[in-house]
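Listed here are the chains, written in short residue letters.
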Amino acid sequence: MSIYVDADACPVKAEVEKVGTRHRVQVFIVSNGGLRPSQNPLVENVIVPDGPDVADMWIAERAGAGDVVITGDIPLAARCVENGARVLKHNGEALTQANIGNILATRDLMADIRAADPFRQGGGKAFGKADRSRFLDALERELRAVSQSGKTVG
């Protein structure tokens, strides 16, 4: 089991490291640079070349059954779910076979709406303490579920 973090703009990297360390799980922090490397031997910073979706491709090519992926990128989440990985958004929302199709369709619809009205203002709500707490809870649950499903930890 490994945890893959789509690290660019990820607000829960420290929480992932903390929970991953407690469970003795390898954590891959994937970005195109600019992040301070962790001294934790269970955390590997993976620097990918600049370019569209390079970090996403690196994660999607590796994450599979028994792994947990942390991302807010819905197309990446869809690829990882398809590969059998468990996926969490930064707020703790699980993306699964049951909901990823609707979430992907909604994302595409919202992109079309934004493209049709360039003056449309607004966006997502701010990331708060409640989101961080929900995320920690969800990550604990996912790691326990993977461990109990017969997958080895570490």
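Quick note: structure is the one above.
Residues numbered from 1 in each chain as written. Predicted model: local features only at pLDDT ≥ 70, side-chain atom pairs only at ≥ 80, totals over all residues. Heavy atoms only, no water.

### Comments concerning the overall build of the chain
Helices and strands together make up the secondary structure of the chain, namely 5 helices and 6 strands. When the helices and strands of the chain are listed from N to C terminus, the series reads β-α-β-β-α-β-α-β-β-α-α. Looking at the chain residue by residue over its 154 residues, the buried ones come to 39%. Expressed as a percentage of contacts within the chain between residues at least 6 apart in sequence, the contacts between residues at least 24 apart total 49%. As presented, the chain carries roughly 8700 Å² of accessible surface, and 51% of it is formed by carbon and sulfur atoms. (Helix = DSSP H or I, 4+ residues; strand = E, 2+ residues; numbered from the N terminus. Buried < 20%, exposed > 50% of the residue type's maximum accessible area, 1.4 Å probe, protein only. Contact = heavy atoms within 4.5 Å. Areas by Shrake-Rupley, 256 points an atom, 1.4 Å probe, with all protein chains shown as cover.)

### Examining helix α3 (residues 74–82)
Taken together, the buried positions of α3 are occupied by Ile-74, Leu-76, Ala-77, Ala-78, Cys-80 and Val-81. Where α3 starts, the residue carrying a side-chain oxygen 2.7 Å from the main-chain nitrogen of Leu-76 turns out to be Asp-73. Count one or two residues on from α3 and you reach Gly-84, which has phi positive near 95°. (Polar contact = N/O pair within 3.5 Å; in protein donor to acceptor, adjacent residues only side chain to side chain.)

### Remarks on the pairing of strand β1 (residues 2–6)
In terms of residue burial, β1 counts as a mostly covered element, since 5 of its 5 residues are buried. By the alternation rule, side chains of β1 split into Ser-2, Tyr-4 and Asp-6 and Ile-3 and Val-5, which are all buried. You can see the chain leave β1, run along helix α1 (residues 13–22) and come back into strand β2 (residues 26–31), and the turn it takes is right-handed. Bridge analysis of β1 against strand β4 (residues 68–70) gives 3 bridges, and the strand direction is parallel. Residue pairing for β4: Tyr-4 is matched across the bridge by Val-69. (Right-handed = clockwise from strand over helix to strand, strands pointing away. Pairing = 2+ DSSP bridges.)

### Side note on the environment of Val-12
Checked against the element boundaries, Val-12 lands in the loop between β1 and α1. The exposure class assigned to Val-12 is buried, which follows from its relative accessible area of 0%. Separated by 77 residues in sequence, Val-12 and Lys-89 have C-alpha atoms that sit 9.8 Å apart. Here Val-12 is in contact with Ile-70, His-90, Phe-127, Arg-132 and Phe-135, once residues within four sequence places are set aside.

### A look at the sheet that holds strand β3 (residues 43–47)
One open sheet holds the 6 strands; their spatial order is β3-β2-β1-β4-β5-β6, and the pairing between them is mixed. Here the strands that pair on one side only, and so sit at the sheet edges, are β3 and β6 (94–95). Lying on the sheet, helix α5 (residues 129–148) is in contact with β1, β4, β5 (86–88) and β6; it crosses β5 at an angle near 175°. (Axes fitted to C-alpha atoms, helices over the stretch in contact; angles between N-to-C directions.)

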